[in-house]
Every structure is written in structure tokens, then in C-alpha cells.
Amino acid sequence: MKKVLFTATVDSHILQFHIPYLKMFKDNGYEVHVATNGTDKIPYCDVKHTVSFERDPIKFNNIKAIKQLKKIINENNFEIIHCHTPMGSVVTRIAAKKARNKGTRVIYTAHGFHFFKGAPLANWLIFYPIEKYLSKYTDCLITINQEDYELAKRKFKKCRQIELVHGVGVDESKFNFEMSDKEKHKLRESLGLTDEDFVIIYVAELSKRKNQGMLIQAVKELIDGGKNNIKIILPGTDSINGYYQNLTDKLEITNNVKFLGYRKDIPKLLKISDLYVSTAKQEGLPVNIMEAMCAQLPIIATDCRGNRDLVDECVKINNIEELKVKILKKITQKKSNVGYGILKYSNPKIFNLMERIYEQN
């Protein structure tokens, strides 16, 4: 029986992005293996391996992980190894060097290089040399945005194959439903919102990289200018211990910013919103914006890698004045359906591209 191995640092990455591909391999008669540092049950996975991956490149556990993964690879004649996440992919490609000589194909999806235009110098000094060195042990490098693709084509000459695939795909079917005015009112009311509020939504983990503070500061200034009915809803887990909650307290706009935590009803939250804003400092290719496109929301996004692949008109990172002007313009415009070319980011399109890559020798 043919075998395939998917690797990533954490279970959540596999669970969030790659279950359809595990199912595809399972349906095609493969024995499906997954290696992460977690112990979660993974659908369509026949064999789950726990490996000591660490996100920090200088952690000793990554050396241990190389030995663990090398043993797993040596004991299994994998047809394909598909690695994800920065350190998960570093460890995997080192561990799989000998297996490639026996015919195993190593595929690596870069979900956004740590080195990019405007990235800290440390990122270039640490991550760029590692990726360049390991590119010669990569049979297919998949990039998900134009900037990474062009960089890889210029710099990683020893990589056998470099592809541009527009992310992991977005499930348009999740948005094929209508909400009545009564349903919208009820959901808004449950969140402390009124029908008259102008609701801005940004779906993302609360973090410095996602940069929610830029949006909060802009809305504070708009409220001070008399736009009291602007409300922000922020679904997403908090990775910075209440930093943005403290900011809203300091700015005295706690009634205008709703921190929702992890939510499973994102499509409905998008349907009750008036505007989508992403103030990220860097992205791979953001699914959150693709989902806003599916929900036909107007979108304002910062001019960073990944965002600019999806949104034509972007605002400069941390330019609060420019963001305020854009928001005001959206408030005064009549809300209407927005035409986005989402087809090339849809699950079937991405799935077909990945199938073609997997089938190559």
C-alpha cells in the first residue's frame, strides 16, 4: 500500500487547512500518516506520530525531532511527504534527505516566508539562509502569494519545481445561505449591537502581527469626530494577554469594540457586518479576506504581502489617517453587493491544482 506523510509543527494547522487532502489520499487507497507535536485525533489519518517540533529554531527539541522523524521515515516507504509550517518543514526536509534518494517526493508549502519586503533584518539573517539551503532538498516548493513566488524563482535555483498555488482554498458553500432581518437583529442584539450600528469586522488571532491596534486607534478618532455608531467585532483567540482590551479601556471605547474570542459562526458574523478591515503587518494569503469576499463585504486591507494579492486598493501599514478616510468613504456609500473574483481561490480550483502536483513524478 502506498503511504503519504503530512507534517506540521502543531495539530491545529493540519486540522484547519489539510483535512480535505488527507481524505483525498485516503480515498485513493493511501495509508495516511500525520506527524505533529500534538496528540489530537486527526480525521482520515491512519497513523498519528507525535514528534518534538518547536516553533523556535534554536530549541534543542528540534534536534530531537529530526532523529524521531528520520526513524519514522526510515521505517515507512513514503511515496510523498508534504511538510508545512516553518520549523516543521525544516525538520522534515533534513530528516527526509536520504529518503529522497529512494524515490520519496518531498513537497513543501511555504504559507508565507518569514523574510519578505520590510521584514526585520533578523528574519533575513536567520530564516533566509535556512530556506535557501534546504531548497535543494525540496522536490516541489509551493508558494501561496506572488511576492514569495517571485523571490523563490529568483533565489532558490536548486529547487526542482516551484509552484504558485493561491492558498489552501476557501469553501464558498459556507456562505450560500440567507439571513432574515429578524435573524440578523437577534445575532446583533446578542453581541450588544443595534440595527443602526455600522459594524466593522476583523477575523484574526489577536496579535501584534495582525495589528488590531491600528483599527482600534482609527475608530477611536472617528468616534471622537462624532461617529459614535461605529462598532468593531473581533472574533479570534487572544495571544497577547489582553493587550488590545487594555488599549480600548485606555481609549475609553470599550462599548465600541467587542472581543468575541474563538467563534464557529464566522459566516453569520460576516453577514451581519457592514465592512471588513484587515490591518495585518504580514500575511501568507489570508483566508479571512477570502471569506469576506465570499460574504460580499466591502474590504479595506493594509498594503502587505498576501493582502495585496487579494485587494486592489490598500492602505499603508499604521497609516491611521488613510484608514479613517477609507472607512468614512465606506460609511457614506450605499451598501451593495461587491463583485470579487473569488473563483481562483475556491476549494475546487485549489484542489485540482494540488491533485496535479501530487500526481507528478
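This report concerns the structure included in the present document. (Residues numbered from 1 in each chain as written. Predicted model: local features only at pLDDT ≥ 70, side-chain atom pairs only at ≥ 80, totals over all residues. Heavy atoms only, no water.)

What to know about the overall build of the protein
Let me state the cut-off plainly: Helix and strand assignments come from DSSP, with helices taken as H or I runs of at least 4 residues and strands as E runs of at least 2, each series counted from the N terminus. As a reference, a globule follows 2.2 Å times the number of residues to the power 0.38, and the radius of gyration itself is taken over C-alpha atoms. Exposure classes here rest on a 1.4 Å probe applied to the protein chains alone. A residue is buried below 20% of its type maximum, exposed above 50%, and partly exposed in between. Residue contacts are counted whenever heavy atoms from the two residues lie within 4.5 Å of one another. To be clear on the numbers: accessible area is Shrake-Rupley with a 1.4 Å probe, and residue cover counts the displayed protein chains and nothing else. Residues counted as positive are Lys and Arg, residues counted as negative are Asp and Glu, and His and the chain ends are not counted. By convention, charge coordinates are those of NZ in Lys, CZ in Arg, CG in Asp, or CD in Glu.
If you tally the helices and strands in the protein, you get 15 helices and 13 strands. The C-alpha atoms of the protein give 22 Å as radius of gyration, which agrees with the globular expectation for 361 residues (21 Å, within 12%). Principal axes of the C-alpha set define a box for the protein whose edges measure 70 × 45 × 35 Å. Going through the 361 residues of the protein one by one, you find that 54% of them count as buried. Nonlocal contacts in the protein, meaning residues at least 24 apart in sequence, comprise 68% of its contacts between residues at least 6 apart. For the protein, the accessible area works out to roughly 17,400 Å², and carbon and sulfur atoms hold 49% of it. Of the side chains in the protein, 57 bear a positive and 42 a negative charge, and the two mean positions are spaced by 7 Å.

Here's the deal with the sheet that holds strand E11 (residues 275-278)
Our working rule: By the convention used here, strands pair only if DSSP detects at least 2 bridges between them.
A sheet is described by the order of its strands in space; here 6 strands give the open sequence E10-E9-E8-E11-E12-E13, paired in parallel fashion. Both outer strands of the open sheet, strand E10 (257-261) and strand E13 (314-315), are each paired with one neighbouring strand and no more. Across 4 bridges, the pairing between strand E8 (residues 198-201) and strand E9 (residues 230-235) is parallel. What sits directly across from Val199, in E9, is Lys231.

Describing the packing of aromatic side chains
Put simply, the rule reads: When the centres of two rings from Phe, Tyr and Trp lie within 6.5 Å, Trp using its six-membered ring, the rings pair. Their planes under 30 degrees apart give stacked, over 60 give edge-to-face, and anything left gives tilted.
This model, assessed by the stated rule, comprises 15 aromatic pairs. Taken together, a centroid distance of 6.5 Å and an interplanar angle of 80 degrees make the contact between Phe115 and Phe156 edge-to-face. Note that Phe115 is positioned in the loop between strand E5 (105-110) and helix H6 (121-134) and Phe156 in the loop between helix H7 (146-155) and strand E7 (162-164), a separation of 41 residues in sequence. Given a relative accessible area of 1%, Phe115 falls into the buried group. On the accessibility criterion, Phe156 (2% relative accessible area) is buried. Plain terms: the ring middles of Tyr128 and Phe156 are 6.1 Å apart, the flat faces sit at 25 degrees to each other, and that makes the pair stacked.

Some thoughts on the side chain of Thr109
For clarity, the threshold we go by: For this analysis, a polar contact is any N or O atom pair within 3.5 Å, provided that within protein one partner can donate a hydrogen and the other can accept it, and provided that sequence-adjacent residues contribute only side-chain to side-chain pairs.
Mapped onto the elements of the fold, Thr109 is located in strand E5. Take Thr109: its relative accessible area is 6%, and that puts it in the buried class. A polar atom in the side chain of Thr109 sits 2.7 Å from the side chain of His82. For Thr109, the residues in contact, after removing those within four places along its chain, are His82, Cys83, His84, Ile142 and Ile144.

Considerations on the sheet that holds strand E3 (residues 47-50)
Put simply, the rule is: Angles run from 0 to 180 degrees between N-to-C directions of axes, and those axes are lines fitted to C-alpha atoms, restricted for helices to the stretch in contact.
Read across the open sheet, the 7 strands follow the order E3-E2-E1-E4-E5-E6-E7; overall the sheet is parallel. Bordering the open sheet on either side are E3 and E7, each of which pairs with just one other strand. The mean inter-strand angle of the sheet, taken between neighbouring strand axes irrespective of direction, is 20 degrees. Pairing geometry for strand E1 (residues 3-7) and strand E4 (residues 78-83), over 5 bridges, is parallel.

Quick look at helix H12 (residues 287-294)
In an α-helix, one full turn covers 3.6 residues, which means residues spaced three or four apart are oriented alike. Burial analysis of H12 places 7 of its 8 residues in the buried class, which makes it a mostly covered element. Along its buried surface, H12 packs onto helix H11 (266-271), E11, strand E12 (299-302) and helix H13 (307-310).

Remarks on the packing of helix H9 (residues 212-224) against helix H14 (residues 320-332)
Cut-off, in case you're wondering: Should the near helix be turned anticlockwise from the far one by less than a right angle, the crossing is termed left-handed; should it be turned clockwise, right-handed.
Close contact between H9 and H14 brings their axes to 9 Å; oriented N to C, the two are set at 65 degrees. Note that H9 runs across H14; the crossing there is right-handed. Contacts between H9 and H14 involve Met214, Leu215, Gln217, Ala218, Glu221 and Leu222 from the first element and Ile320, Glu321, Leu323, Lys324, Ile327 and Leu328 from the second.

What to know about the pairing of E5
Note the following rule: For the handedness criterion, the strands are oriented away from the viewer, and a crossover whose path from the first strand over the helix to the second runs clockwise is classed as right-handed.
In terms of burial, E5 is largely enclosed, as 6 of its 6 residues are buried. A two-sided burial pattern is seen for E5, the buried positions comprising Arg105, Ile107 and Thr109 on one face and Val106, Tyr108 and Ala110 on the other. As defined by bridge partners, E4 adjoins E5 across 4 bridges and the pair is classed as parallel. Bridge pairing in E5 places Ile80 opposite Arg105. As paired strands, E5 and strand E6 (residues 140-143) are joined by 4 bridges and run parallel to one another. Within E6, the position partnered with Ala110 by the bridge is Thr143. For the crossover from E5 across H6 to E6, the handedness is right-handed.

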